[in-house]
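Here are the chains, one letter per residue:
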Amino acid sequence: MFDKILVANRGEIALRVIRAAREMGIQTVAVHSTADADAMHVRMADESVCIGPPSSTDSYLSIPAIIAACEVTGAQAIHPGYGFLSENANFVQIVEDHDLTFIGPTAEHIRIMGDKITAKDTMKALGVPCVPGSDGGVSTLKEARKLGEEMGYPVIIKATAGGGGRGMKVAQNADEMESAFMTARSEGKAAFGNDEVYIEKYLTTPRHIEIQVFGDGKGKAVHLGERDCSLQRRHQKVFEEAPGPCISAEERDRIGKTCADAVARINYTGAGTIEFLYENGEFFFIEMNTRLQVEHPVTEAIFGVDLVQEQIRVAEGLPMSFTQDDLEINGHAIEVRINAEKLPDFSPRPGKITQFHAPGGLGVRMDSALYDGYSIPPYYDSLIGKLIVHGRDRPSALARLSRALGELIVDGVDTTVPLFDALLQEEDIQSGNYNIHWLERWLENNL
Ligand code: ADP
């Protein structure tokens, strides 16, 4: 069993991991940049180590600094949170080479799923339905044009190394192919150092439905249903719910079993998310994320499990604490992402928090690293909190969300809270009638 783990992250997710570890009687080490010396994760951990200057390249992404922090504190394992080094196979390899444990999947699984072409090939071979598209990479414009004609427009050109909504371009027709193809390639090269792209049919009215899976690394795996993350701006999620308003119990069982069987067959370890587009009753795989997701709390709420503690358990070599039969859905949960951003253009708004008050009461969870007087540094992600509500059913979760947003106070910076207040007034949100394009259209007409 671990005595001490290091949390290689910051913000709300670092607190999330520290809390899980403390309940298990495990000591925690926070790492931080000089810009985060006063951050909540540093205050809450048992120990902390400064690992570099503000720029994340020189601190939260500095592998030598993080390994050294483990060595000086005697931490035996590293939890990466999400983002930063969480899906860096090279990092996992180095962690293992230093006889430390990475709390997450193997370097090999991260590598396979980190390359979207390899991920799709692997999933297809495991019986998971995929979005129709090119067989592997497409290297010339001529080939891209030919595929566009064969598949029929619109198509989407995606960088195999892409992530965070970057390296993806839609071509509505043959005329748009050249610029979409070139832009996806150059974005892939600039952001991820890899210009390989592939082509998929662009689905016009899908929902984004993702399946939470969990494996013990020894051939056993379960699924924890789906999350609907269709409300997106620029391919980035802003509002997530579980269960999905349009998914039936039979559909859940069927796609869930396909996913659990697939990850069991590759001996997957820990938490993973298999993302699909869902249209006309069909699921189409787009990618797998080999880490804890930002939106994992909605799944925790409806299943009553602690996914971070479970990750720590299996990293210690223990069996999972639940079987598929133990996992039953209870009620409905919704998460909204509170970003320090100014509407309508969502420009980042770092700055000093003059007053912070978290909502409370039955069925309300606020995961945030804010406190009165905290200064949000300008160097990192603009996510400053996640408000998660849980109710007996979808209408009561929506009512609770509205009530909790009313209690929340974040003064001193602009946030995305007004967006959620407005969305809750919309009939389509009330009824769950939205797809991946709904929010972009709504923003054009309303903000
Ligand atoms: P990233 O790794 O950047 O998050 P994903 O492959 O997960 O990229 O796709 C992110 C989002 O982009 C999806 O949730 C969806 O909104 C949109 N998208 C991706 N592929 C397609 C497609 N083939 N058709 C329509 N929309 C797509």
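Please refer to the structure higher up on the page.
To keep things clear, this report deals only with the structure shown in the data block. (Residues numbered from 1 in each chain as written. Predicted model: local features only at pLDDT ≥ 70, side-chain atom pairs only at ≥ 80, totals over all residues. Heavy atoms only, no water.)

Each helix and strand in the protein was counted, giving 15 helices and 22 strands. Relative to a compact globule of 447 residues, whose C-alpha radius of gyration would be 22 Å, the protein shows 21 Å and is just as compact. Projecting the C-alpha coordinates of the protein onto the three principal axes gives extents of approximately 60 × 50 × 45 Å. Residues classed as buried in the protein amount to 57% of the 447 residues present. (Helix = DSSP H or I, 4+ residues; strand = E, 2+ residues; numbered from the N terminus. Rg over C-alpha atoms; globule rule 2.2 N^0.38 Å. Buried < 20%, exposed > 50% of the residue type's maximum accessible area, 1.4 Å probe, protein only.)

As a further point, take the site of the ligand. In the region of the ligand, 22 residues are neighbours, and Lys158, Gly165, His208, Gln232 and Glu287 sit closest. In this structure, Lys201 approaches the ligand through a main-chain N or O atom, which is 2.9 Å from a nitrogen atom. Here an oxygen atom of the ligand and a side-chain polar atom of His235 are 3.0 Å apart. Here the ligand has 550 Å² of accessible area as a free molecule, and 96% of this is covered by the chains. Put simply, the parts of the chain that give the shell around the ligand at least two residues each are strand 6 (155-163), strand 7 (166-171), strand 8 (197-201), strand 12 (269-279) and strand 13 (282-289). (Near = heavy atom within 4 Å. Polar contact = N/O pair within 3.5 Å; in protein donor to acceptor, adjacent residues only side chain to side chain. Areas by Shrake-Rupley, 256 points an atom, 1.4 Å probe, with all protein chains shown as cover.)

A few words now on the pattern of salt bridges. Under the criterion given, the structure shown has 29 salt bridges. Put simply, Arg291 and Glu87 hold a salt bridge, and the shortest N to O gap is 2.7 Å. Pair noted here: Arg291 is in the loop between strand 13 and helix 10 (296-303) and Glu87 is in the loop between strand 4 (77-79) and helix 4 (89-97), with a separation of 204 residues, a long-range link. Using a relative accessible area of 32% as the deciding quantity, one classes Glu87 as partly exposed. Where Glu187 meets Lys169, a salt bridge forms, and the shortest distance between an N and an O atom there is 3.6 Å. Placement of Glu187 in helix 8 (residues 174-192) and of Lys169 in strand 7 is noted, with a sequence separation of 18 residues between them. By relative accessible area, which is 29% here, Lys169 ends up partly exposed. (Salt bridge = Lys/Arg side-chain N within 4 Å of Asp/Glu carboxyl O.)

With respect to topology, eight strands assemble into an open sheet ordered 13-12-9-10-11-14-21-19, the strand pairing being antiparallel. Edge positions in the sheet fall to strand 13 and strand 19 (364-368), since each of these pairs with one other strand and no more. Across the sheet, the axes of successive neighbouring strands diverge by a mean angle of 25 degrees, strand direction being ignored. Pairing geometry for strand 19 and strand 21 (residues 383-391), over five bridges, is antiparallel. By the bridge assignment, Ser368 is partnered in strand 21 with Gly385. The strands touched by helix 1 (residues 11-23) are strand 19 and strand 21; relative to strand 19, the strand with the most contacts, the crossing angle is about 115 degrees. Packing of helix 15 (residues 438-446) onto the sheet brings it into contact with strand 10 (221-233) and strand 11 (236-242), and relative to strand 10 it is tilted by some 25 degrees. (Pairing = 2+ DSSP bridges. Axes fitted to C-alpha atoms, helices over the stretch in contact; angles between N-to-C directions. Contact = heavy atoms within 4.5 Å.)

Turning our attention to helix 1. Given a rise of 1.5 Å per residue, 13 residues ought to cover 18 Å, and the 19 Å separating the end C-alpha atoms of helix 1 matches this to within 8%. By the criterion of burial, helix 1 is predominantly enclosed, with ten of the 13 residues buried. Phi turns positive, to about 75 degrees, at Gly25, one or two residues after helix 1. (Expected span 1.5 Å × (residues − 1).)

Tracing the backbone shows Lys237 in strand 11. The class of Lys237 is buried, set by a relative accessible area of 13%. Here the side chain of Lys237 touches Glu210 through a polar contact of 2.9 Å, side chain to side chain. A distance of 2.9 Å separates the side chain of Lys237 from the side chain of Glu295, its partner in a polar contact. The contacts of Lys237, once residues within four sequence positions are left out, are His208, Glu210, Cys229, Leu231, Gln232, Glu275, Gln293, Glu295 and Arg337.

For the rest of this paragraph, the subject is the nonpolar core. Grouped burial of nonpolar side chains is what soluble globular proteins tend to show. Of all hydrophobic cores here, the largest spans 39 residues; its most connected members are Phe239, Leu387, Leu401, Leu419 and Leu439. Going through the elements one at a time, strand 11, strand 14 (332-339), strand 19, strand 21, helix 12 (394-407), helix 13 (417-423) and helix 15 are the ones with two or more residues in this core. Here this core gets five residues from one element, more than from any other, and that element is helix 12. In contact with Leu419, not counting residues within four places along its chain, are Leu343, Phe346, Leu439, Trp442 and Leu443. The next biggest cluster of nonpolar side chains, apart from the first, holds 36 residues, and it includes Ile5, Ala14, Val17 and Ile26. (Core = buried A, V, L, I, M, F, W, Y, C linked by side-chain atoms within 4.5 Å.)

A word on the environment of Val197. Residue position: Val197 is located in strand 8. As for Val197 and Val131, which are separated by 66 residues in sequence, their C-alpha atoms are 15 Å apart. Every residue in contact with Val197, bar those within four places of it in the chain, is listed here: Ile117, Gly137, Val138, Ile157, Lys158, Ala159, Thr160, Phe181, Ala184 and Arg185.

Among the secondary structure elements, Ser248 is positioned in the loop between strand 11 and helix 9 (249-265). Taking the C-alpha atoms as reference points, Ser248 and Gly281, separated by 33 residues in sequence, lie 9.9 Å from one another.

On to the packing of aromatic side chains, then. Across all of its chains, the model carries eleven aromatic pairs by this definition. Seen in terms of ring centroids, Tyr278 and Phe283 are 4.8 Å apart; in terms of plane orientation they differ by 50 degrees. Their pairing is tilted. In this structure an aromatic cluster arises from ring pairing among Tyr60, Phe84, Tyr379 and Tyr380. Taking NZ or CZ as reference, Arg207 lies 4.6 Å from the ring centre of Tyr434, over its face. (Phe/Tyr/Trp six-rings, centres within 6.5 Å; stacked < 30°, edge-to-face > 60°. Lys NZ or Arg CZ within 6 Å of the ring centre and 35° of its normal.)

What follows deals with the sheet that holds strand 4. Spatially, five strands are ordered 3-2-1-4-5 in an open sheet, and the strand pairing comes out parallel. Looking at strand neighbours, the two that pair on one side only are strand 3 (47-52) and strand 5 (101-102), the edges of this open sheet. As paired strands, strand 4 and strand 5 are joined by two bridges and run parallel to one another. Along strand 5, the bridge assignment pairs Ile78 with Phe102. Along the sheet face, helix 3 (residues 63-73) touches strand 1 (4-7), strand 2 (27-33), strand 3 and strand 4 and points at about 150 degrees away from the line of strand 3.

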